[in-house]
Amino acid sequence: SAETRLSTPLLSKSKASSSAAVAAASPPLRPGSSRRDAEKLTQIRNAFKFAWDGYESNCFGQDELKPLTRTCSNWVHMGLTLIDSLDTMWIMGFKEEFARARQWVETSLQTRPDKMLSFFESTIRVTGGLLSAYELSKDRMFLDKAYEVQKGLNQAFKLTRSGLPISAVNPKRGRGEVPNWTQRNLILAEIGTIAMEFHKLTQLTKDQSFSRLAEQVTGFLDKLDVPVKGLYPTYINPETGRKANSRVSIGGMGDSWYEYELKAWVLLSKSNPRYKRMYTESIKAIDDRLAKRLSNGRVWVATLEGAFPGTTMEHLVCFLPGTIALGVKEQVVTGVEAQSHMRLAEQLMETCIAMYQESPSGLAPDTVEYHGDRMRVTGPEFRLRPETVESLFYMWRITHEQRYRDAAWEIFKAIDKNCRVGAGHANVRSITDTRNKEDRMESFWLAETLKYLYLIFESDEVIGLNQWVFNTEAHPLRKITDVEDLKMIDEIRERADKQPLPLHH
């Protein structure tokens, strides 16, 4: 059964399995190498339709549905669930729903709301969602809206003395703020997760300011004074641009920066060696300093608190096995190094699967703590998060090992069973008592979790990894392959390196 297969620790298998995975990963995937599973696709599609219908009938054009009370909430003020769902609807073939949502974007989207918005969340969800809708549909309206939204958000770069983007920006008034809970510091993931959206905007609009900003921020982080090469502090001072703490996290506050080190390199058709070097430095440092091995062969990833590893691992870290496997497929490392990368991906994937399998409801907790080999739940809530199924998507596409599909299917069934409520799917406050719900349906449930689950059971040609790269909100963008575009972006990088971010003293 799937259960016995999945609980087998990875290291009991010979090293040949990871070499085989590398061998399978290196040549371009054979078309038709995976069959679509029509029956499972239908069930996942039905779950999306149920959640979307709840949103559309109660909150169309607002940010999020509260599925227990059928009320709505707004925090990005740009129809968040609607924009986050556009590409999922396109991929799943929901033509009529897509057309109604498109109409709303054209006529009702306020691209510069008079509200304080998260620079980071708006970039990855709204700009990312609109760019992906454009790349799939070729409807220029989406690109024009993405451009307007990001131009407004990019006032964030003018509001700090370091020239790094401020955490929250009011795009109508050009004002910004840094939250108190970070001791008024900027967060690594929030300043470092821009390269994909920004290079794509420069490629499609020829406005060079986007690529320039992306390269200035990357160059800035590359020169940051860090104790361990490849590991970056979660807090950076907005005025001085210096590190403001010694905490390193591959989960919250760090995660997507490490993801974009690789994905920017892939998006730019491997033309930018800096991203490749920074990514391989990061994976080496994670493997050396943060990866902790259990006696059953699994691996978990710690945070670093100064010089000392912590005991906590967040569900958010579960994006990492998929990213590492993508790096192996794209040959960011080769030979023995690729084998050790793939082995790390497999061992960490096992841990993330186990977080679901060892739970009474089949749902993973948000955070766990490790003491020796013992895993203890510290954050019992399940928030419809995508990271584990995201990694299962890459592991399936790259290795075609059936156990990854099996694990994904068990996870889908557990989520649909435990989170489905009257008008959609709700976060669960405790994986041991799933009756206790939070009145919230995250937009990433439709943007990411359901999209990755669907694509695991689709054929490999649908959003094929040889053509597409997913942003951190699962919005697929086409690889930039045109020689002139790549040359333009490379020249922008050279100029950006000569003009580092302004330190307005």
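Everything below is about the structure shown above.
As the structure is a computational prediction, the values presented were derived from the model and not from experiment.

### A word on the overall build of the protein
Then comes step 1: Of the regular secondary structure elements, the protein holds 18 helices and 19 strands.
Then comes step 2: Overall size of the protein, expressed as C-alpha extent along the three principal axes, is 60 × 50 × 45 Å.
Then comes step 3: Put simply, the protein has 505 residues, and 64% of those count as buried.
Then comes step 4: Nonlocal contacts in the protein, meaning residues at least 24 apart in sequence, comprise 71% of its contacts between residues at least 6 apart.

### Here's the deal with the packing of helix α10 (residues 209–223) against helix α12 (residues 273–290)
Then comes step 1: Contact geometry of α10 with α12 gives a least axis separation of 11 Å together with a crossing angle of 40 degrees. Taken together, the axes of α10 and α12 lie oblique to each other. Relative to α12, the crossing made by α10 is left-handed. Within the contact between the two elements, α10 uses Ala214, Glu215, Thr218, Gly219, Leu221 and Asp222 and α12 uses Arg274, Tyr275, Arg277 and Met278.
Then comes step 2: A class-by-class count of the residues in the contact of α10 with α12 yields 4 nonpolar, 2 polar and 4 charged.

### Details of the sheet that holds strand β8 (residues 247–248)
Then comes step 1: Pairing is antiparallel across the open sheet formed by 3 strands, whose spatial order is β8-β11-β12. With partners counted over all chains shown, the strands left at the sheet margins are β8 and β12 (308–309), one partner each.
Then comes step 2: Strand direction decides the pairing type here: β8 and strand β11 (residues 304–305), joined by 2 bridges, are antiparallel. Bridge assignment links valine 248 to a residue of β11, and that residue is leucine 304.

### Comments concerning the state of the cysteines
Put plainly, two cysteines are in a disulfide when a covalent bond ties their sulfur atoms together.
Then comes step 1: Scanning all chains against the criterion turns up 2 disulfides.
Then comes step 2: Cysteine 59 shares a disulfide with cysteine 72; S-S distance 2.1 Å. Taking the sign of the S-S torsion, -90 degrees for the link of cysteine 59 and cysteine 72, the bridge is left-handed. Of this pair, cysteine 59 sits in helix α3 (residues 38–59) while cysteine 72 is found in strand β2 (residues 71–73), placing the two residues 13 residues apart along the sequence.
Then comes step 3: For cysteine 72, a relative accessible area of 24% gives the class partly exposed.
Then comes step 4: Each disulfide pairs two cysteine sulfurs, and for cysteine 318 the partner residue is cysteine 352, the sulfurs being separated by 2.1 Å. In this structure the cystine formed by cysteine 318 and cysteine 352 twists about its S-S bond by roughly -95 degrees; its chirality is therefore left-handed. Taken together, the residues cysteine 318 in the loop between β13 (312–314) and α13 (320–329) and cysteine 352 in helix α14 (residues 335–357) connect sequence positions 34 residues apart.
Then comes step 5: With relative accessibility at 0%, the residue cysteine 352 sits in the buried group.
Then comes step 6: With cysteine numbering restricted to those in disulfides and following the sequence, the protein has the pairing 1-2, 3-4.

### With respect to the pairing of strand β15 (residues 374–379)
Then comes step 1: Looking at chain direction, strand β14 (residues 367–371) and β15 are connected through 5 bridges and run antiparallel. Within β15, the position partnered with glutamate 369 by the bridge is arginine 376.
Then comes step 2: The turn joining β14 and β15, which pair antiparallel and follow one another in sequence, is formed by 2 residues; a positive phi near 65 degrees is taken by glycine 372.

### A closer look at the environment of glycine 297
Then comes step 1: For glycine 297, the position within the fold is in the loop between β9 (291–293) and β10 (299–301).
Then comes step 2: For glycine 297, a relative accessible area of 3% gives the class buried.
Then comes step 3: A C-alpha to C-alpha distance of 13 Å links glycine 297 and glycine 372, two positions 75 residues apart in sequence.

### What about helix α4 (residues 80–92)?
Then comes step 1: With 13 residues, α4 ought to run about 18 Å at 1.5 Å a step, and its terminal C-alpha atoms sit 19 Å apart, in line with that.
Then comes step 2: A maximum bend of about 40 degrees is found in α4 at leucine 86.
Then comes step 3: Most of α4 is tucked away: 12 of the 13 residues are buried.
Then comes step 4: Listed in full, the buried residues belonging to α4 are Leu80, Thr81, Leu82, Ile83, Asp84, Ser85, Leu86, Asp87, Thr88, Met89, Ile91 and Met92.
Then comes step 5: The positive-phi residue at the C-terminal boundary of α4 is glycine 93, with phi of around 80 degrees.

### So, the nonpolar core
Then comes step 1: In this structure, Leu86, Val105, Leu130 and Leu221 are the most contacted members of the largest nonpolar core, which totals 161 residues.
Then comes step 2: If one sorts the elements of this core by residue count, α14 sits on top with 10 residues.

### Comments concerning the packing of aromatic side chains
Then comes step 1: Within the structure shown, the criterion is met by 20 aromatic pairs.
Then comes step 2: Through a chain of ring-to-ring contacts, three or more aromatic side chains come together here, namely Phe48, Trp52, Tyr55, Phe60 and Phe94.
Then comes step 3: The side chain of lysine 138 reaches across the aromatic face of tyrosine 134, ending 5.1 Å from its centre.
Then comes step 4: A cation over an aromatic ring shows up here: arginine 420 above the ring of phenylalanine 50, its NZ or CZ 4.3 Å from the ring centre.

### Considerations on the sheet that holds β15
Then comes step 1: Ordered by their spatial adjacency, 3 strands build an open sheet running β13-β14-β15, and the pairing between neighbours is antiparallel. Two strands in the sheet have a free side with no partner beyond their single neighbour: β13 and β15. Taken pair by pair, the neighbouring strands of this sheet meet at an average axis angle of 30 degrees, ignoring direction.
Then comes step 2: Contacting β13, β14 and β15, α14 crosses the sheet at an angle of about 80 degrees to β13.

### Observations regarding the pattern of salt bridges
Then comes step 1: In total, this model carries 42 salt bridges according to the counting rule given.
Then comes step 2: Residue arginine 383 pairs with aspartate 366 through a salt bridge whose shortest N-O separation is 3.7 Å. One end of the pair, arginine 383, is in the loop between β15 and α15 (387–399); the other, aspartate 366, is in the loop between α14 and β14, and 17 residues separate them in sequence.
Then comes step 3: Here arginine 383 falls in the partly exposed class, since its relative accessible area comes to 30%.

### Some thoughts on the packing of α12 against α13
Then comes step 1: At a closest axis distance of 12 Å, the pairing of α12 and α13 adopts a crossing angle of 130 degrees. Relative to α13, the element α12 is oriented oblique. Crossing hand, α12 versus α13: left-handed. In contact with Tyr279, Ile283 and Ile286 of α12, α13 contributes Leu320, Thr323 and Ile324.

### Topic: the side chain of serine 359
Then comes step 1: The topology assignment puts serine 359 in the loop between α14 and β14.
Then comes step 2: Here serine 359 falls in the buried class, since its relative accessible area comes to 9%.
Then comes step 3: A polar side-chain atom of serine 359 sits 2.7 Å from the main-chain carbonyl oxygen of leucine 363.

About the cut-offs
- Residue numbers here run from 1 along each chain, matching the order of that chain's written sequence.
- Reporting of local features is limited, given that this is a predicted model, to residues whose pLDDT is at least 70; pairs of side-chain atoms are given and counted only at 80 or more, and all residues count toward the totals for whole chains, interfaces and linings.
- To obtain the side-chain values, all non-hydrogen atoms of the structure were used and water was disregarded.
- In DSSP terms, a helix is any run of H or I states spanning at least four residues, a strand is any run of E spanning at least two, and both are numbered starting from the N terminus.
- Residue exposure (1.4 Å probe, protein chains only): buried if accessible area is under 20% of the type maximum, exposed if over 50%, otherwise partly exposed.
- Residues are treated as being in contact if the distance between any of their heavy atoms lies within 4.5 Å.
- Here, axes are lines fitted to C-alpha atoms. For helices the fit covers the stretch in contact, and angles between N-to-C directions go from 0 to 180 degrees.
- For this classification, under 35 degrees means roughly parallel, over 145 means roughly antiparallel, 65 to 115 means roughly perpendicular, and everything else is oblique.
- Left-handed is the label given to a crossing in which the near helix is rotated counterclockwise from the far helix by less than a right angle, and right-handed is the label when the rotation is clockwise.
- Amino acid classes used here: Ala, Val, Leu, Ile, Met, Phe, Trp, Tyr, Cys and Pro are nonpolar; Asp, Glu, Lys and Arg are charged; the rest, including Gly, are polar.
- Strands are treated as partners if at least two bridges between them are detected by DSSP.
- Whenever a pair of cysteine sulfur atoms sits within 2.5 Å, that pair is classed as a disulfide.
- The span expected for a helix works out to 1.5 Å for each residue beyond the first.
- The quantity called bend is, for any residue, the angle between two axes fitted respectively to the seven residues ending at it and the seven beginning at it.
- Throughout this description, the term nonpolar core refers to a set of buried Ala, Val, Leu, Ile, Met, Phe, Trp, Tyr and Cys residues connected via side-chain atoms within 4.5 Å.
- Working definition: rings of Phe, Tyr and Trp (its six-membered ring) pair if their centres are within 6.5 Å, and the pair is stacked with planes under 30 degrees apart, edge-to-face with planes over 60 apart, and tilted otherwise.
- Charge-over-ring placement is defined geometrically: NZ (Lys) or CZ (Arg) within 6 Å of the ring centre, and within 35 degrees of the ring normal.
- By definition, a salt bridge exists where a carboxyl oxygen of Asp or Glu is found within 4 Å of a side-chain nitrogen of Lys or Arg.
- Polar contacts, as used here, are pairs of N or O atoms within 3.5 Å; protein pairs need one atom able to donate a hydrogen and one able to accept it. Residues neighboring in sequence count only if both atoms are side-chain atoms.

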